[in-house]
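Results of the structural survey
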Amino acid sequence: GWCPLSSAGARKTQLLVEPPWTPAVLWDQVTLTCQGSGTPGNTTWYKDGHWWQEGPDSFVVTEIGTYYCHRPRTKFSPSVCVSDDWVVLQVPAQALLEGDTVTLRCRG
């Protein structure tokens, strides 16, 4: 499926992706972890722009979609898109700056 780009910027809440590649693909058994200030375990998860579940700080993704998280008194995390594409060109799931050396992965 098609995944929109998320906006960048400094935020207190981060959404970690394991394995740490983007775009994330369902067949990689992706684990998402909400990390930052706020009470651990008091995480609200959103999928495709709507409330999805309350609960743990991390989980293994079982459905394609765009996910983000929130904790009380913090900003929303950036979003992470998980697709089911057969072939993907991936980059490291980290902030990149102009001039950085980047390793790309083409996988299928």
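Up top you'll find the structure we're talking about.
Residues numbered from 1 in each chain as written. Predicted model: local features only at pLDDT ≥ 70, side-chain atom pairs only at ≥ 80, totals over all residues. Heavy atoms only, no water.

**Some remarks on the environment of Lys12**
- By secondary structure assignment, the location of Lys12 is in the segment before β1 (13-18).
- You can call Lys12 exposed: its relative accessible area is 58%.
- When the C-alpha positions of Lys12 and Thr74 are compared, they lie 6.5 Å apart, and in sequence the two are 62 residues distant.
- Discounting residues that sit within four places of it in the chain, Lys12 has contacts with Gln35, Gly36 and Ser37. (Helix = DSSP H or I, 4+ residues; strand = E, 2+ residues; numbered from the N terminus. Buried < 20%, exposed > 50% of the residue type's maximum accessible area, 1.4 Å probe, protein only. Contact = heavy atoms within 4.5 Å.)

**What about the pattern of salt bridges?**
- The final tally for this structure, using the stated rule, is 4 salt bridges.
- Put simply, Asp28 and Arg107 hold a salt bridge, and the shortest N to O gap is 2.7 Å. Of the two residues, Asp28 is situated in the loop between β3 (24-25) and β4 (31-36) and Arg107 in strand β11 (residues 105-107); the sequence distance between them amounts to 79 residues.
- For Asp28, a relative accessible area of 17% gives the class buried.
- Close ionic contact of Glu63 with Lys47 constitutes a salt bridge, the shortest N to O distance being 3.5 Å. Remark: Lys47 occurs in strand β5 (residues 43-47) and Glu63 occurs in the loop between β7 (58-60) and β8 (65-70); sequence separation between them is 16 residues.
- Overall, Glu63 belongs to the partly exposed group, its relative accessible area being 39%. (Salt bridge = Lys/Arg side-chain N within 4 Å of Asp/Glu carboxyl O.)

**Overview of the sheet that holds β1**
- With respect to topology, 3 strands assemble into an open sheet ordered β1-β4-β7, the strand pairing being antiparallel. The two strands at the open ends of the sheet, each matched to only one other strand, are β1 and β7. The sheet shows a mean angle of 20° between the axes of neighbouring strands, direction not considered.
- Across 6 bridges, the pairing between β1 and β4 is antiparallel. Across the sheet, residue Val17 finds its bridge partner in β4, namely Leu32. (Pairing = 2+ DSSP bridges. Axes fitted to C-alpha atoms, helices over the stretch in contact; angles between N-to-C directions.)

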